[in-house]
Amino acid sequence: MPILLGAIADDFTGATDLANTLVKEGMRTVQIIGVPGAGIDVGDADAVVVALKSRTIPADEAVRQSLEALEWLRAGGARQIFFKYCSTFDSTDTGNIGPVADALLDALGGKMTIACPAFPTNGRTVYRGYLFVGDELLSESPMKDHPLTPMRDANLVRVLGRQTPNAVGLVSHEHVSKGATEIGEALQDLKASGVRHAIVDAIDDGDLRVIGEAVKGFELVTGGSGIALGLPENYRRDGLLESATAASLPDADGRAAVLAGSCSVATRNQLAHVAEKWPAYAIEPGRLANGERIADEALSWASRLEAGTPPVIYSSAAPEDVARAQQAIGRDRAGALVEEAMAKIAVGLVAQGVRRFVVAGGETSGAVVSALGVRALRIGPEIDPGVPWTEATGEPTLALALKSGNFGDEDFFTRALEMLP
Ligand code: ADP
C-alpha cells in the first residue's frame, strides 16, 4: 500500500509529536530518523514522518535534506506532503521555514501552501495572523529570548515574509469560523492575487479540523502538529483509510530497562517513585571523567538482577549537583560523557537480552537510539500525553518509550512497562 501522507519534521521530538497525533486520528504511522536511505521498510504505514534535525542548520542544508526526504516519500507514493515545524514558529529571518516551504512547493509543482503553527491544546493560537503563547503574544513570551531562534515579532505574515521572496497572505478567523468551503474560497482568492504562503488563523481544534478539510487537494501543507488533526479524515472520506485503525503495542519480548539522563523535575520525581519498587544504579559524571569503567560496572550490576526486575540506570541529579559536575568537568563534556555511557549501557543491555527500554531525556534518547542503530520507529499507543510506545524495526525488534524530560506523570516508568503484555 502506498503512503498517503508523507511528513518532513525539522526536529526529532516534533516528529514524534506529529506521528502521535496521526496515530490518534487513526493512521498507522512510522517515524524515520534522518533522511531515509535504501532498505527502510515502512510496512503497511499510512503515514511516514521523516525526523530531520534541520531547524537551525544553514538554510541551504535544510533545503537539501528536506528535498531528499521529499524524493523518498514521493517514491513511496505519498499523495500529500506535510512540512512540520514548531508551534512557536521557531526560525530566523534567514530561515528555515520559508526556504524549505518554497523548495518543497517548487519541487511539487504547487502554486500555494498554508502555514498554520496553531496548537490550541498547548496554548498556541493564531488570530489575525498574530501568534499567541497562552495569553501572551509570541514576541512577549519566553520565546523572545530563545538562544537560537529568538522570536521578537508575533505577526506571522511579516515573519514569514522576511524568509521568502514570495507573497505571504492571511486567511483570517472571520473566514475560518464559517467552515471549510469559506476557507477554500478565501484561499482561492489569495492564490489568484499571487499569494504563495497563506497564514491561517486557528484558535481551537474545531478550526484546525475545518482547515484540514479545506486543504484536501493541496500538494503541501505546512504547520505545527495541530493542523495535522484534520488531514486523516480527508483520506477516510475518500475511502483510502480504514475507519480508525487502533494503534498496536510494540511486539518485543524480553527484559525491560529504564535509562534516565534527564535532570528535569518530572524525571527526578519519576525516579524517586520507581526507586521504591526496583533497584537503581547512579552514574556520576565525576567518576566518568576520572576514566572509571562505569558502563561496565553498571552492566555487570544489571546482569546480576533477577530476570523479572528491570534495571534502572540514571545520571539524573539535582541542579546543585549538576552545577558542581559542570564546574569541575565543563558543561558539554559532562553531558557528552553521560550520553556516551548511556549509549554504551544500552548496547550492553541489548546483548544481555533487554528488548524493552524506557528512556528519559531528549538528548539521552537521541544518543541511545543512534547507538542502537535504530532507523525507523512504528508509533504505538500513547502512554502519557505526547509520549507513545514505539517499536524499532530491525534486528532485534525493540520496544522504546522515548520521553522528553519534563513529560509524564510520577508513575510513568512502571505504568509504561505495565502496558506491555
Ligand atoms: P531533557 O529532555 O530533560 O532536556 P536531555 O537528555 O535532553 O534531557 O538532556 C540532559 C542532558 O544533561 C544530557 O546531555 C545529559 O547527558 C546531561 N546530564 C545528565 N545527567 C547529568 C549530570 N548528572 N551532570 C551533568 N550533566 C548531566
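These numbers come from a predicted model, not from an experiment. (Residues numbered from 1 in each chain as written. Predicted model: local features only at pLDDT ≥ 70, side-chain atom pairs only at ≥ 80, totals over all residues. Heavy atoms only, no water.)

What follows covers helix α2 (residues 59-75). For α2, which comprises 17 residues, the first-to-last C-alpha distance of 24 Å matches the rise-based estimate of 24 Å (1.5 Å per residue) to within 8%. Those residues of α2 that fall on the buried side of the exposure criterion are Ala62, Val63, Gln65, Ser66, Ala69, Leu70 and Leu73. Of the surrounding elements, those touching the buried residues of α2 are β1 (5-9), β3 (47-51), β4 (80-84) and α3 (97-108). Positive backbone phi, at 100°, marks Gly77, one or two positions downstream of α2. (Helix = DSSP H or I, 4+ residues; strand = E, 2+ residues; numbered from the N terminus. Expected span 1.5 Å × (residues − 1). Buried < 20%, exposed > 50% of the residue type's maximum accessible area, 1.4 Å probe, protein only. Contact = heavy atoms within 4.5 Å.)

A few words now on the nonpolar core. By size, the foremost hydrophobic cluster in this structure holds 119 residues, and its most contacted members are Ile114 and Phe357. Among the elements that take part in this core, helix α13 (residues 331-351) stands out by supplying nine residues, more than any other. If you count residues domain by domain, this core takes at least three from each of domain 1 (5-237) and domain 2 (255-419). Excluding anything up to four places from it in sequence, Phe357 contacts Ala257, Leu259, Ala346, Leu349, Val350, Leu372, Trp389, Ala399, Leu400 and Ala401. Val358, Ala360, Ala401 and Ala416 belong to the second largest nonpolar core, which has 20 residues in total. (Core = buried A, V, L, I, M, F, W, Y, C linked by side-chain atoms within 4.5 Å. Domains from an automatic or database assignment.)

Bringing the environment of Leu208 into the picture now. Position of Leu208 among the secondary structure elements: in helix α7 (residues 205-214). Residues Leu208 and Cys116, 92 residues apart in the sequence, show an inter-C-alpha distance of 8.8 Å. Once residues within four sequence positions are removed from consideration, Leu208 is found in contact with Cys116, Ala118, Pro120, Ala202, Gly226, Ile227, Leu229 and Gly230.

Relative to the helices and strands, Arg333 is located in helix α13. Expressed as a C-alpha distance, the spacing of Arg333 and Ala289, which sit 44 residues apart in the sequence, is 8.5 Å.

Around the ligand, a shell composed of 18 residues is seen, among which Ser262, Glu339, Glu363, Thr364 and Gly405 lie nearest. At 2.5 Å from an oxygen atom of the ligand is found a side-chain nitrogen or oxygen belonging to Glu339. Taking Gly362, its main chain carries an N or O atom lying 2.9 Å from an oxygen atom of the ligand. Relative to its unbound accessible area of 570 Å², the ligand is 81% covered by the protein chains. Mapped onto the shell around the ligand, the elements with two or more residues apiece are α13 and α14 (362-371). Take the shell around the ligand: its biggest share by element is four residues, from α13. (Near = heavy atom within 4 Å. Polar contact = N/O pair within 3.5 Å; in protein donor to acceptor, adjacent residues only side chain to side chain. Areas by Shrake-Rupley, 256 points an atom, 1.4 Å probe, with all protein chains shown as cover.)

Let us now look at the sheet that holds strand β8 (residues 136-137). If you trace the three strands from one edge of the open sheet to the other, you get β6-β7-β8, paired in antiparallel fashion. Of all the strands in the sheet, the pair left with one neighbour each is β6 (124-127) and β8. With four bridges connecting them, β6 and strand β7 (residues 130-133) associate as antiparallel partners. Looking at the pairing, Tyr127 lines up with Tyr130 of β7. (Pairing = 2+ DSSP bridges.)

Attention shifts here to the domain arrangement of the chain. Per the domain assignment, the segments of the chain are domain 1 (5-237) and domain 2 (255-419). Domain 1 and domain 2 are separated by 32 Å when their C-alpha centres are compared. With 15 residues of domain 1 in contact, the opposing surface of domain 2 contributes 14 residues. Roughly 1,200 Å² is buried in total at the junction of domain 1 and domain 2, and carbon and sulfur atoms are behind 61% of that figure. Together, Asn20, Gln31 and Ile33 form the three largest contributors to the area buried by domain 1 at its contact with domain 2, with a combined 36%. Remark: the boundary between domain 1 and domain 2 carries one salt bridge. Of the charged contacts in the structure, one is a salt bridge between Lys24 and Glu382, with a shortest N-O distance of 3.3 Å. The interface formed by domain 1 and domain 2 holds six residue pairs in polar contact (both at pLDDT 80 or more) in total. Within the residue set of the side of domain 1 that touches domain 2, elements represented by two or more residues are α1 (12-24) and β2 (29-33). If one sorts the elements of the side of domain 1 that touches domain 2 by residue count, α1 sits on top with seven residues. Across the side of domain 1 that touches domain 2, the residue classes break down as eight nonpolar, six polar and one charged. (Buried area = accessible area lost by both parts, 1.4 Å probe. Salt bridge = Lys/Arg side-chain N within 4 Å of Asp/Glu carboxyl O. Nonpolar A, V, L, I, M, F, W, Y, C, P; charged D, E, K, R; others polar.)

To continue, consider the state of the cysteines. Per the stated rule, a full pass over the model turns up zero disulfides. In this structure Cys86 is not part of a disulfide, and its nearest cysteine sulfur, from Cys116, lies 13 Å away. For Cys86, a relative accessible area of 15% gives the class buried. (Disulfide = S-S within 2.5 Å.)

This brings us to the packing of α13 against α14. Between α13 and α14, the shortest axis-to-axis distance is 8 Å and the interhelical angle comes to 45°. As judged from the angle between their axes, α13 and α14 are oblique. Classified by chirality, the crossing of α14 by α13 is right-handed. Packed against α13, whose contacting residues are Glu339, Met342, Ala343, Ala346 and Val347, the element α14 presents Glu363, Thr364, Ala367, Val368 and Ala371 at the interface. Residue composition of the contact of α13 with α14, grouped by class: seven nonpolar, one polar and two charged. (Axes fitted to C-alpha atoms, helices over the stretch in contact; angles between N-to-C directions. Parallel < 35°, antiparallel > 145°, perpendicular 65-115°, else oblique. Left-handed = near helix turned anticlockwise from the far one by under 90°.)

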